[in-house]
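Residues per chain are reported as follows:
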Amino acid sequence: MSEKSRSIFGNQMAEKIYRKAVKTKKKNIKKFGDDSNADYPISIEKNAYIGDSLGVMNVLLGEAGSAKAAKAPFDTEKGIIVGNIRMGFGHYRISMAIASAAKSMGYVPYWMDLNSYRQTTCTKVISAQNDLYSLGSRLSGKSKLFNKLVWEPLNYEGFRKLSYNASDQKNAELMAPVYRNVPKEIPVVATHVWPAQAAVHAGMKHVVNAIPDNWPMALHLSEGSLHTVQTHYAYQGYRILNGMQGNDVLQPMPDSDLLYVGHYIDHELVSNIEIDCERRIKRKEEKKPMRFLLTIGGAGAQKEIFSAIIRSLMPAIRAKEAALYVNVGDYRNVWEELTKEIPELSGVSKEHFNQWDKTQKFAEDALTGDVCGVHAFWHENIFEAVYCTNLLMRSCDVLVTKPSELAFYPVPKLFIKRVGGHEQWGAIHSAEIGEGTLECRDTPHTLQMIKLFMEQNHLLEDMCENIKKNKEAGIYDGAYKVVELAMAKKNK
């Protein structure tokens, strides 16, 4: 295999950049070991949390599989690997969208979380990076100086550079062993670049790199795979590797390596867009309590804004003019801190904690029934923590979120302050296609937008109508198209 740290799409890296990449790999080997010669046995079991709903089968490595795990072979005809990591909630959510689309199309999604194989060098490297990213996200929300001097520049320009990709490619060589016993002809859809890079280094033959966000960064490049993007803006930026080496005009990505596909959205959401939007409009016309879904991300960085929103809505909640869903993911401490700060929450809230069957039942009943008060959701398991938002999304009126991967979902959205400069472009895209607000970068502007949603019908109705039009235009078909492309690569 060619040295992917020396040349990136025909753009030669300086010798010092290459030496730094090699040094980084050696440093990680010293810290985490090198299992390049390891031969990890593989077993497969149905995912206990989203196995039934999304058809997901877990791919387990080593001898640590449960008693239910089987050594049965992969379905090499209908199987598709969904390669991901847990770094925040976003990459898991995109993976769930891919799995949902695959199941709806008659395929078998195999779930490979490269951050779950604790005995491997791969997971140790990723886990260390994940811990750093989560810490940075939390610090950015607490310190304006840290955010301005460190976090925003890193997420906006640092990850954008080809030199960053050169180092990642070297580290990905340490991740390749997890694919050793996966049949090489099974297509891989990666929802983070590391599973894509690792798959390419491992010799997987059909790799699709499903790029998130709307800000082109070299971080997301995995040469040797087919790159897909959710927006035309991202397509143009990746095509010319815009700004990835200062102001240099770079050798562009080959046209055959990059495709626009649309947003990566679950089949369950896409197939119900019209009815869900009509229900939102009807509830607004009938002056039912307006339902706001507040969802905290995997980095846990938004509690202060949530607190301000809840305080502002308490009079409307008591008057049954508003209702709240609050999903704190797997961060129970966030809800506990909120209830301490806002004592009156206890009188109007119901906790749906770690009871997945009841969460599913609530989400189903809320589609056609009435909802009032505050409903808090916490689930210890990562799958439930992430997918809870997807279930609640259909019956909410407005999703309140930072402009990360949720910026692309077909629901009216109020965007709170971003975590990292790259996220602002998700809000810009959503506002331009008419289904989300501008990014509200401080609490007063966030509360202003809440008031506008509450006091007038036009804002919500316009977003709902635009979402329906966007569906007709195929904007939400990205997950289906990614699966089609992955299987087409296999069947050539």
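Residues numbered from 1 in each chain as written. Predicted model: local features only at pLDDT ≥ 70, side-chain atom pairs only at ≥ 80, totals over all residues. Heavy atoms only, no water.

**Student:** Quick question: what am I supposed to make of the pattern of salt bridges here?
**Tutor:** A side chain of one charge can pair with a side chain of the opposite charge if their charged atoms are brought near each other. Within the structure shown, the criterion is met by 24 salt bridges. Between R283 and D397 there is a salt bridge, with the nearest N and O atoms lying 2.8 Å from each other. Residue R283 is located in helix α10 (residues 273-285), and its partner D397 is located in the loop between α14 (382-393) and β16 (398-401); the two are separated by 114 residues in the primary sequence. Side by side, R283 and D397 carry an identical accessibility label, which is buried. Note that E336 is salt-bridged to R332, the shortest N-O span being 3.4 Å. Pair noted here: E336 and R332 are both in helix α12 (residues 332-341), with a separation of 4 residues, about one helical turn. Assessed through its relative accessible area of 39%, E336 is described here as partly exposed. (Salt bridge = Lys/Arg side-chain N within 4 Å of Asp/Glu carboxyl O. Helix = DSSP H or I, 4+ residues; strand = E, 2+ residues; numbered from the N terminus. Buried < 20%, exposed > 50% of the residue type's maximum accessible area, 1.4 Å probe, protein only.)

**Student:** Hey, could you run me through the packing of aromatic side chains in this one?
**Tutor:** For any pair of aromatic rings, geometry is given as the distance between the ring centres together with the angle between the planes. Under the counting rule described, the total for this entry stands at 12 aromatic pairs. With 5.2 Å between their ring centres and 90° between their planes, Y92 and W111 make a pair best called edge-to-face. With Y92 in helix α3 (residues 90-104) and W111 in strand β6 (residues 108-113), the pair connects residues that are 19 residues apart, well separated along the chain. Both residues of the pair, Y92 and W111, belong to the buried class. Ring plane angle 75° and centroid distance 5.8 Å describe the contact between F353 and W378, whose orientation is recorded as edge-to-face. Residue F353 is located in strand β14 (residues 349-353), and its partner W378 is located in strand β15 (residues 373-378); the two are separated by 25 residues in the primary sequence. Looking at W378, the relative accessible area reads 11%, which means it is buried. Members of the aromatic cluster, connected to one another through ring pairs, are Y49, Y92, W111 and F383. Over the face of the ring belonging to Y18 we find R6, whose NZ or CZ atom lies 3.7 Å from the ring centre. Lying across the ring of W378, R332 places its NZ or CZ 5.0 Å from the centre. (Phe/Tyr/Trp six-rings, centres within 6.5 Å; stacked < 30°, edge-to-face > 60°. Lys NZ or Arg CZ within 6 Å of the ring centre and 35° of its normal.)

**Student:** Would you mind showing me how to read the packing of helix α13 (residues 356-366) against α14 here?
**Tutor:** Angle between the axes and distance between the axes: these two values describe a pair of packed helices. Closest axis-to-axis distance for the α13/α14 pair is 9 Å, and the angle between their directions is 15°. In terms of axis orientation, α13 runs roughly parallel to α14. Two packed elements cross with a definite hand, and for α13 against α14 that hand is right-handed. On α14, the residues that touch W356, T359, Q360, F362 and A363 of α13 are E384, Y387, C388, L391 and L392. Looking at the contact of α13 with α14 residue by residue, the class counts come to 7 nonpolar, 2 polar and 1 charged. (Axes fitted to C-alpha atoms, helices over the stretch in contact; angles between N-to-C directions. Parallel < 35°, antiparallel > 145°, perpendicular 65-115°, else oblique. Left-handed = near helix turned anticlockwise from the far one by under 90°. Contact = heavy atoms within 4.5 Å. Nonpolar A, V, L, I, M, F, W, Y, C, P; charged D, E, K, R; others polar.)

**Student:** Would you mind going over helix α1 (residues 15-32) with me for this structure?
**Tutor:** Helical geometry note: an α-helix holds 3.6 residues per turn, so side chains three or four residues apart project in the same direction. Between its terminal C-alpha atoms α1 stretches 26 Å, which fits the 26 Å expected from 18 residues at 1.5 Å a residue. Within α1 the residues assigned to the buried category are Y18, A21, K25, N28 and F32. Buried positions in α1, seen along its axis, are confined to an arc of 85° and lie on one side of it. Counted as exposed and oriented over 90 degrees from the buried face of α1: K16, K20, K23, K26, K27, K30 and K31. On its buried face, α1 is in contact with α4 (121-142) and α6 (162-172). Immediately downstream of α1, the backbone of G33 shows phi near 90°, a positive value. (Expected span 1.5 Å × (residues − 1). Arc of directions from axis to C-beta.)

**Student:** Explanation requested: the nonpolar core in the structure shown.
**Tutor:** Across soluble globular proteins, nonpolar side chains show a tendency to be buried alongside one another. Membership of the largest hydrophobic core comes to 96 residues, with the highest contact counts inside it found for F292, I310, L324, Y325, W335, L414 and F453. If you look at the next biggest cluster of nonpolar residues, it comprises 43 residues, including I42, V59, I81 and M217. (Core = buried A, V, L, I, M, F, W, Y, C linked by side-chain atoms within 4.5 Å.)

**Student:** Is there a simple way to think about the sheet that holds strand β11 (residues 258-260) in this case?
**Tutor:** Read across the open sheet, the 8 strands follow the order β3-β4-β6-β5-β7-β8-β9-β11; overall the sheet is mixed. On the outer flanks of this sheet lie β3 (42-46) and β11, each paired with one strand and no other. The mean angle between the axes of side-by-side strands here comes to 25°, regardless of whether they run parallel or antiparallel. Pairing geometry for strand β8 (residues 207-210) and strand β9 (residues 226-229), over 3 bridges, is parallel. Counted as the bridge partner of N209 is H227 from β9. On top of the sheet, helix α8 (residues 232-239) reaches β9 and β11; it is set at about 165° to β11, its chief contact. (Pairing = 2+ DSSP bridges.)

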